[in-house]
Amino acid sequence: MAVATQATEEDFAKLDRIIEEETAAFLERQPRSTELWEKAKGHLVSGVTSSWQGSDPQPIWIKEGRGSHLIDEDGLEFVDLHGGYGAGVAGHGHPAIVRAVQDRVTRGTHFASPVVDAIDVSTELARRWGLPLWRFGNSGTEVTMDAIHLMRAVTGRPYFIKVEGSYHGHHDSVQVSVYCDDPELMGPADLPNSTHEEGGIPDAMLELCKVVPFNNLEAVKTRLEQFPGQIAGMIVEPVMMNIGIVFPDDDYLAKLKELLHAHGALLTFDEVKTGFTTRPGGITEFYGVTPDIVCVAKALGGGIAVAGIGGVEEVMGKIDTGVYEQCGTFNGNPMAMAAAKACLLEVLTPEAYAHVESLRSNMVGQLEGVVAEYELPAYIESIGFKGSVVFSPTRIKNYRDFLDWDDRFSSAHWYYQHKGGVMLPNGGKVEQWMLSVQHTQDDVQKFVDNFAAFAKAMRS
Ligand code: PMP
């Protein structure tokens, strides 16, 4: 649903005031977090364990999770819609995950030899994705790195294509054109330059990565024709989930596969966020387009670190012949395999998907009602466990559209959710809400009520 309402100067003045007032109120609610953060800065860089856990005005220290709720170190309780950046499908302390991990921890947590659970996990992944061969890693970054290596190893070609504004992890190859906002560096919208915003990525990496806008087949064709016989393949998040939520045009994924194959190049879907959370078999199932390689992570382990890479025989089979060595000390770790098996077979059941769908549809119906009632410049985008209030009057189709979305809306909304007892991810407009199988209609009602309170404040 696209709405015509445009944000006004008055809206922005209100947003600035809300952010200022709510930041002060937030800090007052979080004295223990302030104290812990100060202490942590002694030996933890920036006082956090990953740069993306640092958030303004300060990180929130979590004490524990219970079901669909979080309790922070200040003793405040929240409905958890952060979902640990998309890993939290099971919620906290899910009996099946607890049982699997408890059982495994007493019988050895690491061997670097295969365990039987790995057979069950790979079999279930093959069933869900319709891709026969799998391996494991520990994070999304590791498996997208494997995917790039594998596309190169199998085709013998050096370059690959990536979408502007897509995040695929923090290895060199894909840290190109992620969150650049300098128009000069970004270059033309229909054929963007390769840029890097992170330190530590040499210019030489830019040469290897050819960038295209999302939802633009012509640009992919141009790249393939510019570098004949040199493009190994393309990595794409089939529904973009690091710029809110952006769906592909109807035939984009099918045509992409056709186009790449016509040029002897491979297609990788990065389903690190979309895997398990959108459909049991991810976006691959949703659109019925099967890539050559798929990467999954985050939700796979129900809260334990694990990742998977799967693919067709002609690609994954090359690992067997030694064309590419896919390896890692903790790959297929017994704890990770036990958790993944429980997550796939006991947590992410058809009934669980039906329950989450009923939460989502209730939530979206009510949110759209609020947007209409208060004439907000926004629309709701959602699928499965995930959703986003997109504060843009027109539908976003790619990264350049996303840049026009003023982040002050998401920031002010985040504070309203926090003060109303709902924890959203601290990524502003980048991130989205995440449900779990343990969330209830009461939980989602809280989110809707807070959103309505925010809308009312904007129009008061
Ligand atoms: N791919 C996508 C689409 C992601 O969203 C992320 C993480 N946000 C990654 C890869 C990297 O995963 P990880 O943080 O587990 O390395």
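Residues numbered from 1 in each chain as written. Predicted model: local features only at pLDDT ≥ 70, side-chain atom pairs only at ≥ 80, totals over all residues.

Draft legend 1. Representation of the overall build of the protein chain. Counting its regular elements, the protein chain contains 17 helices and 14 strands. By the compact-globule yardstick of 23 Å for 460 residues, the protein chain fits well, its C-alpha radius of gyration being 22 Å. Buried residues in the protein chain amount to 47% of all 460 residues. (Helix = DSSP H or I, 4+ residues; strand = E, 2+ residues; numbered from the N terminus. Rg over C-alpha atoms; globule rule 2.2 N^0.38 Å. Buried ≥ 20, exposed ≤ 12 C-beta atoms within 10 Å, placed from the backbone.)

Draft legend 2. Expanded view of the site of the ligand. Neighbouring residues of the ligand: 14 residues in total, closest S139, G140, T141, G169 and V272. Per element, the largest residue contribution to the shell around the ligand is three residues, and it comes from helix α6 (residues 140-155). A per-class count over the shell around the ligand returns four nonpolar, seven polar and three charged. (Near = placed C-beta within 6 Å. Nonpolar A, V, L, I, M, F, W, Y, C, P; charged D, E, K, R; others polar.)

Draft legend 3. Representation of the environment of W129 in the model. Among the secondary structure elements, W129 is positioned in helix α5 (residues 116-129). The spacing of W129 and G229 is 100 residues in sequence and 29 Å in space, taken between C-alpha atoms. Dropping the residues within four chain positions of it, W129 is found in contact with G281, G282, T284, V294 and G310. (Contact = placed C-beta atoms within 7 Å.)

Draft legend 4. Structural detail: the sheet that holds strand β14 (residues 433-434). Reading across the sheet, the three strands line up as β11-β12-β14 and stay open at both edges, with antiparallel pairing between neighbours. Since the sheet does not close on itself, it has two edges, and those belong to β11 (379-383) and β14, each with one partner. Against the sheet, helix α14 (residues 350-374) touches β11 and β12 (386-390), its axis set at about 170 degrees to β11. (Pairing = 2+ DSSP bridges. Axes fitted to C-alpha atoms, helices over the stretch in contact; angles between N-to-C directions.)

Draft legend 5. Local environment of the pairing of strand β9 (residues 293-296). Neither face of β9 is open: one carries I293 and C295, the other V294 and V296, and all of them are buried. In the sheet, strand β8 (residues 266-270) pairs with β9 via three bridges, with the strands oriented parallel. Note on β9: the bridge partner recorded for T268 is I293. As for the winding sense of the linkage, the β-α-β connection from β8 through helix α11 (residues 282-287) to β9 is right-handed. Across four bridges, the pairing between β9 and strand β10 (residues 307-311) is antiparallel. Across the sheet, the residue bridging to V294 is G310, located in β10. (Right-handed = clockwise from strand over helix to strand, strands pointing away.)

Draft legend 6. Spatial organisation of the packing of helix α16 (residues 408-419) against helix α17 (residues 441-459). Running from N to C, α16 and α17 cross one another at 130 degrees; their axes reach a closest spacing of 9 Å. Taken together, α16 and α17 sit at an angle that is classed as oblique. Once α16 is placed against α17, the crossing between them reads as right-handed. Mapping the contact onto sequence places A412, H413, Y416 and Q417 in α16 and F447, N450, A453 and F454 in α17. (Parallel < 35°, antiparallel > 145°, perpendicular 65-115°, else oblique. Left-handed = near helix turned anticlockwise from the far one by under 90°.)

Draft legend 7. Examining the domain arrangement of the protein chain more closely. The assigned domain composition of the protein chain is domain 1 (9-93 + 349-459) and domain 2 (95-347). Inter-centroid distance (C-alpha atoms) of domain 1 to domain 2 is 26 Å. At the junction of the two partners, domain 1 supplies 28 residues and domain 2 supplies 28 residues. Of all the secondary structure elements, the ones that give two or more residues to the side of domain 1 that touches domain 2 are α3 (83-86), α14, β11, β12 and α15 (399-403). If one sorts the elements of the side of domain 1 that touches domain 2 by residue count, α15 sits on top with four residues. Taken together, the residues of the side of domain 1 that touches domain 2 break down into 14 nonpolar, nine polar and five charged. (Domains from an automatic or database assignment.)

Draft legend 8. Molecular detail of the sheet that holds β10. Pairing in this open sheet of seven strands is mixed, and the strands run β4-β10-β9-β8-β7-β5-β6 from one edge to the other. The open sheet is flanked by β4 (133-137) and β6 (209-212), the only strands paired with a single partner. Neighbour to neighbour, the strand axes of the sheet diverge by 20 degrees on average, direction disregarded. Relative to strand β7 (residues 231-236), strand β5 (residues 159-163) is paired through four bridges, and the arrangement is parallel.

Draft legend 9. The arrangement of unusual backbone geometry in detail. A cis amide bond, omega -5 degrees, links D56 with the succeeding residue P57. Summarising the element assignment, P57 is placed in the loop between α2 (31-40) and β1 (62-66). Residue N215 is not a glycine yet carries a positive backbone phi of 65 degrees. Following the sequence through the fold, N215 ends up in the loop between β6 and α9 (217-226). Classification of N215 as partly exposed rests on a count of 17 C-beta atoms within 10 Å. A positive phi angle is found at F276, which is not glycine, with a value near 70 degrees. Examined against the element boundaries, F276 turns out to sit in the loop between β8 and α11.

Draft legend 10. Broad picture of the environment of V296. Within the element layout of this structure, V296 appears in strand β9. Overall, the presence of 30 C-beta atoms within 10 Å leaves V296 in the buried class. Through-space distance from the C-alpha of V296 to that of G384 is 16 Å; in sequence the pair is 88 residues apart. Filtering out sequence-adjacent residues up to four positions away, V296 remains in contact with E271, V272, G275, A307 and G308.

Draft legend 11. The arrangement of the nonpolar core in detail. Ranked by internal contacts, the top residues of the largest apolar core, which has 121 residues, are F160, A339 and C343. The biggest single contributor to this core is helix α13 (residues 334-347), with ten residues. Each of domain 1 (9-93 + 349-459) and domain 2 (95-347) accounts for three or more of the residues forming this core. When near neighbours in sequence (up to four residues on either side) are disregarded, C343 contacts V89, A90, I97, L300, G301, G302 and L348. (Core = buried A, V, L, I, M, F, W, Y, C linked by C-beta atoms within 7 Å.)

Draft legend 12. Representation of the pairing of β8 within the structure. Among the five residues that make up β8, five are buried, leaving the element largely enclosed by the rest of the structure. Side chains L266, T268 and D270 project from β8 onto one buried face, and the interleaved L267 and F269 project onto a second face that is buried too. When β7 meets β8, the two strands line up parallel, connected through four bridges. If you follow V236 over to β8, its bridge partner there is F269.

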